[in-house]
Amino acid sequence: MEPQSNPQPQSNPGIFILLAASYACLLPVVWPQRLPIDPQAAPEYAHSIRLDGDIVLGGLFPVHSRGDRGTPCGDLKKEKGIHRLEAMMFAIDLINKDPELLPNITLGARILDTCSRDTYALEQSLTFVQALIERDGSDVRCANGDPPIFTKPDKIVGVIGAAASSVSIMVANILRLFKIPQISYASTAPELSDNTRYDFFSRVVPPDSYQAQAMMDIVTAMEWNYVSTLASEGNYGESGVEAFVQISRETGGVCIAQSLKIPREPKPGEFDKIIRRLLETSNARAIIMFANEDDIRRVLDAAKRNNQTGHFLWVGSDSWGSKISPVIGQERVAEGAITILPKRASVDAFDRYFRSRSLSNNRRNVWFAEFWEENFNCKLGMHGKRPGILKKCTGLEKVGRDSSYEQEGKVQFVMDAVYAMAHALHHMHRKLCHGYPGLCPRMAGSIDGKELLGHIRAVNFNGSAGTPVVFNENGDAPGRYDIFQYQITNRSTAEYRVIGSWTNKLHLKVEAMRWKTGDPSLPASVCSLPCRAGERKKVVKGVPCCWHCERCEGYHYQASEFMCELCPYEMRPDANRTGCVPIPIIKLEWHSPWAVVPVFLSMLGIIATSFVIVTFVRYNDTPIVRASGREMSYVLLTGIFLCYAITFLMIAAPDVGVCSFRRIFLGLGMCFSYAALLTKTNRIHRIFEQGKKSVTAPRFISPASQLVITFSLISVQLLGVFVWFAVDPPHTVVDYGEQRTQDPRAARGVLKCDISDLSLICSLGYSILLMVTCTVYAIKTRGVPETFNEAKPIGFTMYTTCIIWLAFIPIFFGTSQSAERMYIQTTTLTISLSLSASVSLGMLYMPKVYIILFHPEQNVPKRKRSFKAIVTAATMSGKLSQKGSDRPNGEVKTELCESMETNSGWYVGPRTGSMVVHHLTMEEVSSFFSAITSDRSVSALTIVNFSTRLMPQLDFVVQVSYFIQKTSVQNFKVSSPYVHTIGGINSSLLLKQVFNLLCCNLPENMLQVLNYISIYSH
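Just so we're clear, the structure is a prediction, and the values are computed from it rather than from any experiment.

Student: Please explain the packing of aromatic side chains as it appears in this structure.
Tutor: Each aromatic ring pair is characterised by the separation of its centres together with the angle its planes make. Taken as a whole, this structure holds 24 aromatic pairs when the rule is applied. On the basis of an interplanar angle of 35° and a centroid distance of 6.4 Å, the ring pair of W590 and F648 is categorised as tilted. Of the two residues, W590 is situated in the loop between β25 (585-586) and α15 (593-618) and F648 in helix α17 (residues 630-651); the sequence distance between them amounts to 58 residues. Its relative accessible area of 43% is what places W590 among the partly exposed residues. Members of the aromatic cluster, joined through ring pairs, are F90, F350, Y353, F354, F368, F371, W372, F376 and Y405.

So this is what it looks like as structure tokens:
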């Protein structure tokens, strides 16, 4: 591309015609054959080149740079000016020599200098339309009053140029009015693609829209997303930046930090100010430049002055390309710059042609003498253009030998533009002249510009570099670019190296790129560094390429660049938080400390329970086992065993089988235990309550009845479990909420049976109800005499059990929100069950086992006593009350009876109130008992109260309950002759002696009768 100036004003045909008429008498015409050899001899003519021909083409080239204020033209441009115009003349020479292209037709040229200024170029381009302006000289007079002399102007059929887009835009507004086609070799402004405004404009270089796209692809490939733009004021710079910004908005991913403009007439210090402004967004190191080479050079110089060498990453448009002039003396600050240039190839034929040019054989180029002085740094004559140079030119210097030479980059496109015009004229000639040699009348008089434009848009040929030359409907050439990088090699030599190409798609050799730091990695030009894995971008409002990185917290993972999403409930983020992984599933392991303690207690309990059961079975027929109620004891021991055994089911790995057994046995062990204890305490309560009302025994107190009651209570629990099975079949679940911690890394899914807290309460609730009811009965029977030793242990057992379960409830439900909930609740439940079982086992059965194993003498059957024992009993009667209150079961009776074994009878004399009782038979005892009770002063209640202190064994009462129901004290007949005297003996002493006699000498069934009387009368 070429730098541009301000956008063109709206065209007005009247103004341009008037300007053309006013310039008619002033514009000189320079004929090349009349040029003097010495250029200073005719300096006033050095403004154009004219080559004669049948068809004349116009040419616009920036031979000179823009002049300072007040001066239209500045210094000579050797490459962009002289090389290019020589390329046009060289192409015309080749075409005129080609017998196949425009045979018998000679092309001519009229070449003008634009001085790199659009307004000056507009004035110069009026020359091209002179022949088309109808002149009316009636009102026009020259300065001396003479009428104007109009020389016949050349009729221009097409124009080659201009270079700068701003100049092309200005000139295109005039040429379209006169339907003169125009083909540019360097103008790339996207604005010129508007076929409605610039319909006669075409170009052999791609528009900046392609170049902007190529530069955007480069920025994207370099992973830069934060850049600044810098443009020279004018169409070229402003349109190029606008195209780049537009593409960045459409594609996204690249943000513009700053868009700065270089004024057409910059003030002193302007470029230092630009550098300082660019540093305000220091992260935007990449600078996209659409600027002319003069502005590029001054920007680089300002960066060097501000010690920013190596900071900026320059990306230059084709106005920079592979030119040397912008980087001379500033190689270090320009190092690493990436530039773009339409794909081209050096034309070797032009190199040979240009190297052969000299002052003597190139007189047609009016600016060649000036070029000669500039190129060889010498002076031609006294009036040369370089007065400060003392060296004089000899004219024998040679281009490429005595000076450096490198073909200018746009030479190829200049030649392609000339050839495109020639091919269009050739096709038009064949169509209109039908083989007519030379110009036929249809083309000689006037060439229709509209028709010629159609042929231009239809050309398709291989250009000077071998690449196809074609135009689209807007007159644009296809986009083909070479990508260069300015590199400094190890030898400290700087050069442009091709690192890629762009033909509708970028092909970049990143490995061929070199940077100042020597680091092969790509330098960064980003607003914000990329977020790490697991972080989302929170974009700064209005600047989509700047963001803050926010880590996805909790159970969120990075779902996209800008979003964090919540993982599914059964999953957690992975280590990088870029995805989700299943939450590990755990269960209570056997080796866990939470399981070791309950298992240890359970094993001890099972061993102890098994030992008690084995002991009871082994001594099944002994008095203590029989007195304990063998049937109910085995039921109670079964419940205790189940309470211990449930620990293993609670810790075992959950599956359908384990969950089923948990439901069955979780409450069944307690139900067995407390159903048996409830039956016992209820029986005791009923017996004592019934005794207060009558001597009739309560119902359902036999062993069989007690078993039926117990299993009826247990069946309620089993029925509830079966209903639970039917309503909600057992299955396992994974509870992800129990250990869903704040830190997902610690989250675990708990494999467990589908037993909710409510279901657990319902399962244990019935057993707890039995326990509470049993406790109530234990409280009611607390008034049982101290020697009635079955009710007291049951009471202490229930009180302790209630305390255990009262402590269980807050621990179990108070930890429902704890991360260790599974462990705490399982351990608490199993230990509570084990402790409950241990209390029952320890208080109810360990004393009996102790007596059975360590005091077997207290666990023997009662023998029939002899008469000697009966006599001895009289002397021991005073001790009964005291010993009955402080001895365990059976001790009084045993000690008394044993002490009496040495006696055969006992006698109470008449004066001392003694009596003699011989060996008694059952009938005699009955008669004697009846005689005693017939005395109205001795009531049956007195006998009962006395016997209560003597024989308080509940188990005997149970065994003889049926006998008592059939027998009444009043039924005994007084028929015994063995009581000799009762005088002087009060009834209380007599009753004591009688009961001592009975307890020692009566058969076992009568002892049971007396025991029942004791309890029943309480």
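Student: Whenever I open this one, the sheet that holds strand β8 (residues 201-203) confuses me. Can you help?
Tutor: Strand pairing in a sheet relies on backbone hydrogen bonds. The paired strands run either parallel or antiparallel. Overall, mixed pairing links the 6 strands, which are arranged β1-β5-β2-β6-β7-β8 in an open sheet. This sheet does not close on itself; its edge strands, each paired only once, are β1 (48-51) and β8. Ignoring strand direction, the axes of neighbouring strands in this sheet form an average angle of 20°. Pairing of β1 with strand β5 (residues 107-113), which is carried by 4 bridges, proceeds in the antiparallel orientation. By the bridge assignment, R50 is partnered in β5 with R110. On the sheet, helix α12 (residues 411-433) packs against β2 (55-61), β5, β6 (156-160) and β7 (182-184) and is oriented at approximately 155° with respect to β6. Packed on one face of the sheet, helix α14 (residues 449-457) meets β6, β7 and β8 and runs near 25° to β8.

Student: Honestly, the pairing of β5 in this entry has me stumped. Any pointers?
Tutor: Put simply, side chains in a regular strand alternate between the two faces of the sheet. Among the 7 residues in β5, 7 count as buried, and that is most of the element. Here β5 shows two buried faces, one formed by L107, A109, I111 and D113 and the other by G108, R110 and L112. Pairing between β2 and β5: 7 bridges, direction parallel. Note that in β5 the partner of V56 across the bridge is G108.

Student: What am I meant to see in the state of the cysteines here?
Tutor: Every disulfide links exactly two cysteines, by a covalent bond between their sulfur atoms. All told, the structure shown has 9 disulfides when counted by the stated rule. Between the sulfur of C433 and that of C440 lies a disulfide, 1.9 Å long from S to S. Judged by the torsion about the S-S bond (-65°), the C433/C440 disulfide is left-handed. Grouping residues by exposure puts C433 and C440 together as buried. There is no disulfide at C802, and the cysteine sulfur nearest it, in C774, is 8.8 Å away.

Student: Got a minute to help me understand a nonpolar patch on the surface in this structure?
Tutor: A surface patch of nonpolar side chains, about 350 Å² in accessible area, is lined by V597, F600, L601 and L604. By the element assignment, L604 lies in helix α15.

Student: Please clarify how the sheet that holds strand β27 (residues 748-753) should be interpreted in this entry.
Tutor: Taken together, the 3 strands give an open sheet; going across it, the order is β25-β27-β26, and neighbouring strands pair in mixed fashion. Bordering the open sheet on either side are β25 and β26 (732-739), each of which pairs with just one other strand. Sheet analysis places β25 next to β27, joined by 2 bridges and oriented parallel. Residue pairing for β27: I586 is matched across the bridge by V750.

Student: Explain the nonpolar core to me, please; I cannot follow it from the model alone.
Tutor: Inside soluble globular proteins, nonpolar side chains tend to come together where they are buried. With 70 residues, the main nonpolar core has L85, M88, L107, Y185, F350 and L425 as its most contacted residues. Sort the elements by how many residues they give to this core and α12 lands first, with 15 residues. Ignoring any residue separated from it by four or fewer positions in sequence, one finds L425 in contact with I55, L57, L102, L107, M443, I447 and L452. Ranked by size, the runner-up nonpolar core spans 50 residues in total, among them L636, W724, C753 and A837.

Student: In this structure, what is going on with the confidence of the model for the chain? I would like to understand it.
Tutor: Regions with low pLDDT carry predicted coordinates that are not meant to be interpreted in detail. On average, the chain scores 77 in pLDDT, and the residues at 70 or more come to 76%. Note on residues 863-1018: pLDDT under 50 across the span, and 244 contacts to partners over four residues away in sequence or across chains.

Student: Is there a simple way to think about the side chain of E535 in this case?
Tutor: Of note, E535 is situated in strand β19 (residues 535-540). With relative accessibility at 8%, the residue E535 sits in the buried group. Excluding anything up to four places from it in sequence, E535 contacts C549, E550, R551, C552 and Q558.

Student: How do you make sense of unusual backbone geometry when you look at a structure like this?
Tutor: Note: most peptide bonds trans; most residues except glycine with negative phi. Cis geometry is found at the peptide bond from G161 to A162, where omega equals 0°. In the Ramachandran plot, N307 falls in the positive-phi region, its phi being about 55° despite a non-glycine side chain. Here N307 lies in the loop between α8 (293-305) and β12 (313-316). A positive phi angle is found at R577, which is not glycine, with a value near 60°. With respect to the helices and strands, R577 occurs in the loop between β23 (571-573) and β24 (580-582).

Conventions used here
Residues numbered from 1 in each chain as written. Predicted model: local features only at pLDDT ≥ 70, side-chain atom pairs only at ≥ 80, totals over all residues. Heavy atoms only, no water. Phe/Tyr/Trp six-rings, centres within 6.5 Å; stacked < 30°, edge-to-face > 60°. Helix = DSSP H or I, 4+ residues; strand = E, 2+ residues; numbered from the N terminus. Buried < 20%, exposed > 50% of the residue type's maximum accessible area, 1.4 Å probe, protein only. Pairing = 2+ DSSP bridges. Axes fitted to C-alpha atoms, helices over the stretch in contact; angles between N-to-C directions. Contact = heavy atoms within 4.5 Å. Disulfide = S-S within 2.5 Å. Patch = residues over 30% accessible without salt bridge, like charges linked within 9 Å, V, L, I, M, F, W, Y side chains within 5 Å. Areas by Shrake-Rupley, 256 points an atom, 1.4 Å probe, with all protein chains shown as cover. Salt bridge = Lys/Arg side-chain N within 4 Å of Asp/Glu carboxyl O. Core = buried A, V, L, I, M, F, W, Y, C linked by side-chain atoms within 4.5 Å. pLDDT = per-residue confidence, 0-100.

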